[in-house]
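# Coordinate inspection notes
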Amino acid sequence: MPLILQSLSPIATADLDAVRALASASPLVPRSDTVAVAETSAPLTPALHESLDAYCVPRGIDWAILATARKLSDFRLVAMDMDSTLITIECIDEIADFCGLKAEVSAITEAAMRGEITDFNESLRRRVALLKGLDASVLDRVYAERLRLSPGAERMLAGVQAAGIRTLLVSGGFVHFTDQLKPRLGLDFTRANTLEIVDGKLTGNVVGEIVNADVKARTVREVCAQIGADPSQAIVMGDGSNDLKMMAIAGLSVAFRAKPVVRAQASVAFNHVGLDGLLELLK
C-alpha cells in the first residue's frame, strides 16, 4: 500500500519520520521538497486514518494510502462536483447575496452539504424559492465577478486531458454556470439543474429532474457506459454529502476541502493542496 504525502510548503524531515512511524511505512522518498512517497505502508484502518489526520492536518500535510499503486492510465473518466470543488464558491449562495438573503441560503446549503438535511431536492427548492423575482442578469454577474476556479484546477484538467481521460462536471448547481465552464475548460460532459426564467426574472422554480445524489451517481454510470468504461475506471471528486453516492461507485474518490462526512468515506482527502494533487497521486 503506497503512502503519498503532499504539502504546499516543504515537508520537514522530522515530519517524514513521524508519519513513517505512524504508518509503519517504508522510507518516505522525496519527489520534491513538498511531495514524498513510500512504496509500502500498513493497511489503512479507521485508527490509522485518525492518527494520520491528527498528525498531518495541523501541519498542512495531505496524506494518502492507496490500496495499490495507481497511475493515470488506469482511469478513463474524471467526474467532478462544481460548487466548492471545481470552483471556490457555492453559486446559489452568491446569487442570493444579490437579494440580501445570502446568510439564510448559505445556512441551508451548509446543512445540506454536511448531510444534516437528507432531502436534497427539498433543500434546493427551498433555496431557489427565495430567489423568486430576482433579475436573471445576476447569474452573469456571479459568473463574471465571483466565480473562481479552485487552486490547481486548470493544471489537473490539463494533465488528465493530456492522458486521454474524459471529463464530467456533474452538479447540484445550475446549467448557467456549467454551460460556460464546459467550453472554457474543454470539458466533455456536463449535467446540472435549470433555473426557470420568465420575462427575465427567476421564478423561484427548478425545471426538470433535480440533480441530487442518486442522479449524480446515475450520471457517472451513464457516462462510463457511453465511453465504454467501468465505474471502477472513474475518479470522482467532491466536497458534500450529495457527492457520496457517486464517489462510492468510483475506482478512486477525492474529497476536496470537504465536509467531515465526505473526508471520512473518500479514498483520499485534499485539505491543503490543490486539485492538481491528483497528478502526484497517480504519477
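Sequence order as written defines the numbering, with residues in each chain counted from 1. This being a predicted model, a pLDDT of at least 70 is required before a residue's local features are given, and a value of 80 or more before pairs of side-chain atoms are given or counted; all residues contribute to the totals for chains, interfaces and linings. Calculation of side-chain values draws on the structure's entire complement of heavy atoms; hydrogens and water are dropped beforehand.

An unreviewed UniProt entry lists the chain under the name Phosphoserine phosphatase, with Cupriavidus pauculus given as the organism. Annotation of the chain in UniProt includes, under Pathway (unreviewed entry), the sentence "Amino-acid biosynthesis; L-serine biosynthesis; L-serine from 3-phospho-D-glycerate: step 3/3." UniProt positions are given in the numbering used here, feature names are shortened, and annotations may be inferred rather than shown by experiment.

A run of DSSP states H or I qualifies as a helix once it reaches four residues; a run of E qualifies as a strand once it reaches two. Both are numbered from the N-terminal end. Check the secondary structure of the chain and you find twelve helices and eleven strands. All radius of gyration figures rest on C-alpha atoms, and the globule criterion is 2.2 Å times the number of residues raised to 0.38. By the compact-globule yardstick of 19 Å for 283 residues, the chain fits well, its C-alpha radius of gyration being 19 Å. Its C-alpha atoms give the chain principal-axis dimensions of about 65 × 40 × 30 Å. Evaluated residue by residue, the chain yields a buried proportion of 54% over its 283 residues. Burial classification: accessible surface area is computed with a 1.4 Å probe over protein chains only, and a residue below 20% of its type maximum counts as buried, one above 50% as exposed, and the rest as partly exposed.

All right, on to the UniProt feature "domain: DUF4072" (unreviewed entry) in the chain then. Under the feature "domain: DUF4072" (unreviewed entry), the UniProt entry names residues 3-50. Regarding residues 3-50, the helix share stands at 33% and the strand share at 27%, and the terminal C-alpha atoms are separated by 15 Å.

Here a cavity is any set of points on a 1 Å grid over the protein atoms alone where a 1.4 Å probe fits but cannot get out, and a pocket is any open set with protein on both sides within 12 Å along at least 5 of 7 lines; a residue lines the site when it has an atom within 4 Å of a point. Grid points are joined across faces, edges and corners, and a volume is the space filled by probe spheres set on the points. Taken as a whole and judged by the stated rule, the model has one cavity of 30 Å³ or more. Counted as a void, the largest cavity has a volume near 140 Å³. Lining the largest cavity are 18 residues, and of these Asp83, Glu90, Phe120, Gly172 and Gly173 lie nearest its centre. Contributing elements (two or more residues each) for the lining of the largest cavity: α3 (91-97), α4 (102-113), α5 (120-129) and β6 (166-174). Here the lining of the largest cavity gets four residues from one element, more than from any other, and that element is β6. When the residues that make up the lining of the largest cavity are grouped by side-chain class, the tally is six nonpolar, five polar and seven charged. Each residue receives one of three labels: charged for Asp, Glu, Lys and Arg, nonpolar for Ala, Val, Leu, Ile, Met, Phe, Trp, Tyr, Cys and Pro, and polar for the others, Gly being one of them.

In this section: the sheet that holds strand β2 (residues 29-32). One open sheet holds the four strands; their spatial order is β2-β3-β1-β4, and the pairing between them is antiparallel. Of all strands in the sheet, those with a lone pairing partner are β2 and β4 (61-65), marking the two edges. Across the sheet, the mean angle separating the axes of adjacent strands is 20° when strand polarity is ignored. Where strand β1 (residues 3-7) lies against β4, five bridges are found, and the strand directions are antiparallel. We call two strands paired when DSSP finds no fewer than two bridges between them. Note on method: axes are straight lines fitted to C-alpha atoms, helices fitted across the in-contact stretch only, with angles between N-to-C directions ranging 0 to 180 degrees.

Turning next to the pattern of salt bridges. One speaks of a salt bridge when a side-chain nitrogen belonging to Lys or Arg is within 4 Å of a carboxyl oxygen belonging to Asp or Glu. Counting across every chain of the model gives 22 salt bridges. Between Glu209 and Arg191 there is a salt bridge, with the nearest N and O atoms lying 2.8 Å from each other. Here Arg191 lies in strand β7 (residues 189-198) and Glu209 lies in the loop between β8 (201-207) and α9 (213-227), a separation of 18 residues in the sequence. Overall, Glu209 belongs to the partly exposed group, its relative accessible area being 42%. The partly exposed category is assigned to Arg191, whose relative accessible area is 22%. Ionic contacts of the salt-bridge type, sharing partners, join the residues Glu110, Arg114, Glu116, Asp239 and Lys259 into one network.

An α-helical turn contains 3.6 residues, so a residue and the one three or four places further along point in the same direction. Within the span of helix α6 (residues 137-145), buried status applies to Val138, Leu139, Val142 and Tyr143. One face of α6 carries all of its buried residues, which in axial projection span an arc of 140°. By definition in these notes, contact holds between two residues if any of their heavy atoms fall within 4.5 Å. Buried positions along α6 lie against α3, α8 (175-185), β7 and β8. Note that the arc is defined by the directions from the helix axis to the C-beta atoms.

A positive phi angle, close to 55°, is found at Asp199, a residue other than glycine. Classification of Asp199 as exposed rests on a relative accessible area of 75%.

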